[in-house]
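# Per-entry structural report
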Amino acid sequence: MSSSDPKARPKPVTRPPAPVPPSSWAKRTGFKPKFSGETNASDSGQIALPPRSRENENQPDLEAGRARPLPPVVNGEQPVSEKGPAEKDQSVKKRREADGTNKGSSAAAANGHTVNNGAAPQPQQPTRRPSRNEDVVDVLPQNVDDEGFVGRHSHMKYELRDTPGLVPIGLYGFQHYLSMLGSLILIPLVIVPAMGGTYEDTANVVSTVLFVSGVTTLLHSFFGSRLPLIQGSSFVFLAPALAIINSPEFRGLNGNNFKHIMKELQGAIIIASAFQALLGYSGLMSLFLRLINPVVVAPTVAAVGLSFYSYGFPQVGNCLEIGAVQILLVIIFSLYLRKISVLGHRIFLIYAVPLGLVITWAAAFLLTEAGAYSYKGCDTNIPSSNIVSEHCRKHVSRMKHCRVDTSHAFKSSPWFRFPYPLQWGTPVFHWKMAIVMCVVSIIASVDSVGSYHASSLLVSSRPPTPGVVSRGIGLEGLSSILAGLWGTGTGSTTLTENVHTIAVTKMGSRRAVELGACVLIVLSLVGKVGGFIASIPEVMVAALLCFMWAMLAALGLSNLRYSEAGSSRNIIIVGLSLFFSLSIPAYFQQYGISPNSNLSVPSYFQPYIVTSHGPFRTKYEGVNYIMNTLLSLHMVIAFIVAVILDNTVPGSRQERGVYVWSESEAARREPAVVKDYELPFRVGRIFRWVKWVGL
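Just so you know, these numbers come straight off a predicted model, no measurement behind them. Residue positions are counted from 1 within each chain, in the order its sequence is given. Local features in a predicted model are, by the rule used here, given only for residues with pLDDT of at least 70; side-chain atom pairs are given and counted only at 80 or more, and totals for whole chains, interfaces and linings are based on all residues. The side-chain numbers reported here are obtained from all heavy atoms of the structure, hydrogens and water having been left aside.

### A short note on the overall build of the protein chain
Definition in use: A run of H or I in DSSP counts as a helix once it spans at least four residues, and a run of E counts as a strand once it spans at least two, with each numbered from the N terminus. For the exposure calls, accessible area comes from a 1.4 Å probe over protein chains only, and a residue counts as buried if that area is under 20% of its type's maximum, exposed if over 50%, partly exposed in between. The contact criterion used is simple: two residues touch if any of their non-hydrogen atoms lie within 4.5 Å. All accessible-area figures derive from a Shrake-Rupley calculation using a 1.4 Å probe, and residue coverage is judged against the displayed protein chains alone.
From N to C terminus, the protein chain includes 30 helices and 6 strands. Split into buried and exposed, the 695 residues of the protein chain put 53% on the buried side. Taking the intrachain contacts of the protein chain between residues at least 6 apart in sequence as the baseline, contacts between residues at least 24 apart amount to 82%. With the model as given, the accessible surface of the protein chain reaches about 30900 Å², and the carbon-plus-sulfur share is 62%.

Printed below as a string of structure tokens:
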């Protein structure tokens, strides 16, 4: 009988394959969930897949935190994506034509997907279960379209290579940067006053940060990982920068302390950035990736946010009625009003930080103009040490922190100013400060690796190859060299908050990020923009930082979703890493300080003067400086504890959540992946002989 006879055709199996029994899972991983209380992958947050041949997979709802079922497949055709009518179809069609693949391409075969191109259906083979020696570790759920492409996530409005038009890209690019306003501008508002800089110096550094962020973002988008990630001054560099600023040798300086300390920071950043570039372009990063997994990234990044608790609310308390309102507004916008949409945009969730800043600033301005912070016979321009009246001494703190007219940065800033390299002078190089920054550059690379993996799952068909990751880390090193030459005060790296912004705005187009970077460069040339940002009151800056640092800690811990978060192994490792990241630095920071000692620095900067009183007191002053500083940094302790425990304590790959990077050979056979990560302008040909950098 002919196989084309409909009566003789075997009926396709519609039921999903039976789940793996708990007993076999326990045998494969070494755990017995019925007795030890261990949870499985889905219960603990692991995003794992059944065999990829199933096309009716559930798409994840990033907002609701649960799977969203797709409509049933009808007549062997995939349902129309919810992304949009004609615009989505056009963008998908253009992308497929650009990839140059036909139906039944080898890309689908390489990924293990079956595609129905209208031919007679074949008998469906029973789904092969993975053997006991195989590790079921995968990434976000994916589906296959009717041309054999790995389906990108339908929840994204614009995907990695979408170019819908200048106006939509411009609007979404501006939205992307505006939603990350706090991460871009707040660091200069902390470090410049700590260096003794004036409001004018703060405005100039802010303009420089915006300029360097725009330039380095363009470089990273074209020649780095090519993911839509914004480069900027990272909070990873803030703690070591404050430690260098509060070094004992800078306390007795006369003259312009700001420029002298800035040149020291520039020298340390340049050497550390060269080390990071060498780590990436030499291929050492590909080897280092074997030690970096979600269980390492999560506590390391979380420790960065948790380490600034002594600065946040103590500063807010200087003017509680403004700082507390700022925090409450951001919380209300980002949590209670996050579902409210205006013209299809969740404006309260996306713009929680800028909206809270504008409203609080306006309220503080009205209170200032109404005379709420005006006291008879008191002048804010008189230094505190020269105030004789006891009445004025009592209210000087409120006048300084609550009034919004104490800064003259906006009035004194020029309309046009071009940030140029070496604008603060020739950098000064000290090996002890450079070594501290070199270790911190490794932490920044660990942070970026987690961002690369998470963002690639949102906007791309596949994670990058280890070579692409190495290329991105190498370019971040070159970007930090530019930051050191221009004098931003910190290095440049991928902003962790970018992943959250991509998920919230649903904008994954690299063209939007590039256009936004160009707008950022133009704004940096307008001196009044830097002056306006520099005039933000310190209390509002501290209130915003409370939210930003809390977000950073949460984003770091969110990396655990790629591992078995319910595993006792991982719980103990993360718990030990976080606890010791707070406890060991506290020992170093408090060592040798008597309770009644009268320190010359503010209380919120006392954790960063450890070099003068730490427990390391050998005859080598440089060694004392390095050890006391490094072991007082929370993120360094978290990284050391996590990387040692995660790579020595036994555990399966699924339990550890080992990052799955694309294999180079398989990636080269997939035109869509090549289009995602290959270098433009045929620059990739230069790196063909360097196999460890690129596809």
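### Quick notes on the nonpolar core
Counted only if it meets this: Residues grouped as a nonpolar core are buried Ala, Val, Leu, Ile, Met, Phe, Trp, Tyr and Cys residues, joined through side-chain atoms within 4.5 Å.
Judged by nonpolar contacts, the single largest core of 133 residues is most densely connected at Met195, Phe235, Leu238 and Ile536. Among the elements that make up this core, the one with the highest residue count is helix H19 (residues 431–459) (14 residues). Discounting chain neighbours no more than four positions away, the residues touching Met195 are Ile245, Asn257, Phe258, Ile261, Met262 and Leu265. Formed by 8 residues, the second largest nonpolar core is a distinct cluster that contains Ala553, Leu560, Ile573 and Leu578.

### Details of the state of the cysteines
Just so we agree on the cut-off: In plain terms, two cysteine sulfur atoms within 2.5 Å form what is called a disulfide here.
Per the counting criterion, the structure on display carries 1 disulfide. Paired through a disulfide, Cys319 and Cys402 show a sulfur-sulfur distance of 2.0 Å. Across the S-S bond of Cys319 and Cys402 the torsion is about 120 degrees, and the bridge reads as right-handed. Of this pair, Cys319 sits in the loop between helix H13 (312–316) and helix H14 (320–336) while Cys402 is found in helix H17 (residues 390–402), placing the two residues 83 residues apart along the sequence. The same class applies to Cys319 as to Cys402, namely buried.

### Examining the side chain of His176
Mapping His176 onto the fold places it in helix H6 (residues 166–179). Other than its neighbours up to four places away in sequence, His176 contacts Pro228, Ile230, Asn498, Thr501, Ile502, Thr505, Met507 and Val513.

### Points about the pattern of salt bridges
Here the idea is simple: oppositely charged side chains can pair when their charged atoms come close. Rules: Put simply, a salt bridge is a Lys or Arg side-chain nitrogen that is within 4 Å of an Asp or Glu carboxyl oxygen.
Going through the model one piece at a time under the given rule, you end up with 6 salt bridges. The salt bridge partner of Lys432 is Glu249, with a shortest N-O separation of 3.3 Å. In this pair, Lys432 is assigned in helix H19 and Glu249 in the loop between helix H9 (238–245) and helix H10 (257–281), connecting sequence segments 183 residues apart. Look at Lys432 and you get buried, because its relative accessible area is 12%.

### Considering the packing of aromatic side chains
For clarity, the threshold we go by: We call Phe, Tyr and Trp rings a pair once their centres come within 6.5 Å, taking the six-membered ring for Trp, and we label the pair stacked below 30 degrees between planes, edge-to-face above 60, and tilted otherwise. Here, a charge over a ring is recorded when the distance from Lys NZ or Arg CZ to the ring centre is within 6 Å and its angle to the ring normal is within 35 degrees.
Counted under the stated rule, the structure contains 19 aromatic pairs. Between Phe235 and Trp549, the ring centres sit 6.0 Å apart and the planes meet at 75 degrees, which makes this aromatic pair edge-to-face. Of this pair, Phe235 sits in the loop between strand E5 (231–233) and H9 while Trp549 is found in helix H24 (residues 538–557), placing the two residues 314 residues apart along the sequence. When the ring of Phe410 is compared with that of Phe532, the centres are 6.4 Å apart and the planes differ by 75 degrees; the resulting orientation is edge-to-face. Taken as a pair, Phe410 in helix H18 (residues 409–412) and Phe532 in helix H23 (residues 527–534) lie far apart in primary sequence, 122 residues in all. Residue classification places Phe410 among the partly exposed positions, given a relative accessible area of 38%. In this structure, Lys432 is placed above the aromatic ring of Tyr625, and the distance from its NZ or CZ to the ring centre is 4.7 Å. Residue placement shows Lys528 over the ring face of Phe410; its charged tip is 5.1 Å from the ring centre.

### Some words on a nonpolar patch on the surface
Inclusion rule: Patch membership requires over 30% relative accessible area and the absence of a salt bridge. Like charges are linked within 9 Å, and nonpolar side chains (Val, Leu, Ile, Met, Phe, Trp, Tyr) within 5 Å.
Judged by side-chain polarity, Leu328, Ile331, Ile332, Leu335 and Tyr336 come together as a nonpolar surface patch covering roughly 510 Å² of accessible area. In this structure, Tyr336 sits in helix H14. For Tyr336, a relative accessible area of 67% gives the class exposed.

### Some words on unusual backbone geometry
Residues other than glycine seldom take positive phi values, yet Arg226 does so here, at roughly 70 degrees. Residue placement: Arg226 occurs in the loop between helix H8 (199–223) and E5. Using a relative accessible area of 4% as the deciding quantity, one classes Arg226 as buried. Its identity is not glycine, yet Lys506 carries a phi of approximately 60 degrees, on the positive side. Note on placement: Lys506 falls in the loop between helix H21 (497–505) and helix H22 (510–524).

### Notes on the environment of Pro680
Residue placement: Pro680 occurs in the segment after helix H30 (671–677). Under the relative-accessibility criterion, Pro680 is labelled buried at 15%. Between the C-alpha atom of Pro680 and that of Arg226, which follows or precedes it by 454 residues, the distance is 9.7 Å. Once you skip the residues sitting within four places of it in the chain, Pro680 turns out to touch Phe222, Phe223 and Arg226.

### Re the side chain of Arg161
Filter applied, for reference: The definition of a polar contact used here is a pair of N or O atoms within 3.5 Å, where within protein one atom must be able to donate a hydrogen and the other to accept one, and adjacent residues in sequence count solely through side-chain atom pairs.
By secondary structure assignment, the location of Arg161 is in the loop between strand E4 (150–151) and H6. Within the structure, Arg161 has its side chain in polar contact with the side chain of Asp676 (distance 2.8 Å).

### Focus: H23
Across the 8 residues of H23, 6 count as buried, placing the element largely inside the fold. Elements that come into contact with the buried residues of H23 comprise helix H7 (181–194), H8 and H18.

### Some details on the packing of H7 against H24
Under the convention used in this document: For helices, the fitted line uses only the C-alpha atoms of the stretch in contact; every axis is such a line through C-alpha atoms, and the angle between N-to-C directions lies from 0 to 180 degrees. An angle counts as roughly parallel when it lies under 35 degrees, as roughly antiparallel when it exceeds 145, as roughly perpendicular when it falls between 65 and 115, and as oblique in every other case. Left-handed describes a crossing whose near helix is turned anticlockwise from the far helix through less than a right angle; right-handed describes the clockwise counterpart. Residue polarity follows a fixed list, in which Ala, Val, Leu, Ile, Met, Phe, Trp, Tyr, Cys and Pro are nonpolar, Asp, Glu, Lys and Arg are charged, and the others, Gly among them, are polar.
It is at 10 Å that the axes of H7 and H24 come closest, and there the two elements cross at 130 degrees. By the angle between their axes, H7 is oblique relative to H24. In this structure, H7 crosses over H24, and the sense of that crossing is left-handed. Residues Gly182, Ser183, Leu186, Leu189 and Val190 of H7 pack against Val541, Leu544, Leu545 and Met548 of H24. Grouping the amino acids of the contact of H7 with H24 by side-chain chemistry returns 7 nonpolar, 2 polar and no charged.

### What about the confidence of the model for the protein chain?
Our working definition: pLDDT: the predictor's confidence for each residue, scored from 0 to 100.
Looking at the protein chain, pLDDT values average 78 and 74% of them are 70 or higher. Taken together, the stretch residues 1–9 has pLDDT below 50 and engages in 5 contacts with residues farther than four places along the chain or on a different chain. Throughout residues 19–86 the model reports pLDDT below 50, and contacts reaching past four residues in sequence, or to other chains, amount to 128 contacts.

### Examining the packing of H9 against H19
One can describe the packing of H9 onto H19 by two numbers: an axis separation of 10 Å at closest approach and a directional angle of 170 degrees. As judged from the angle between their axes, H9 and H19 are roughly antiparallel. In this structure, H9 uses Pro240, Ala241 and Ile244 to contact H19, whose residues at the interface are Met433, Val436, Met437 and Val440. Residue composition of the contact of H9 with H19, by class: 7 nonpolar, no polar and no charged.

### Remarks on the environment of Gly556
Relative to the helices and strands, Gly556 is located in helix H24. The spatial distance from the C-alpha of Gly556 to the C-alpha of Gly305 is 8.7 Å, given a sequence separation of 251 residues.

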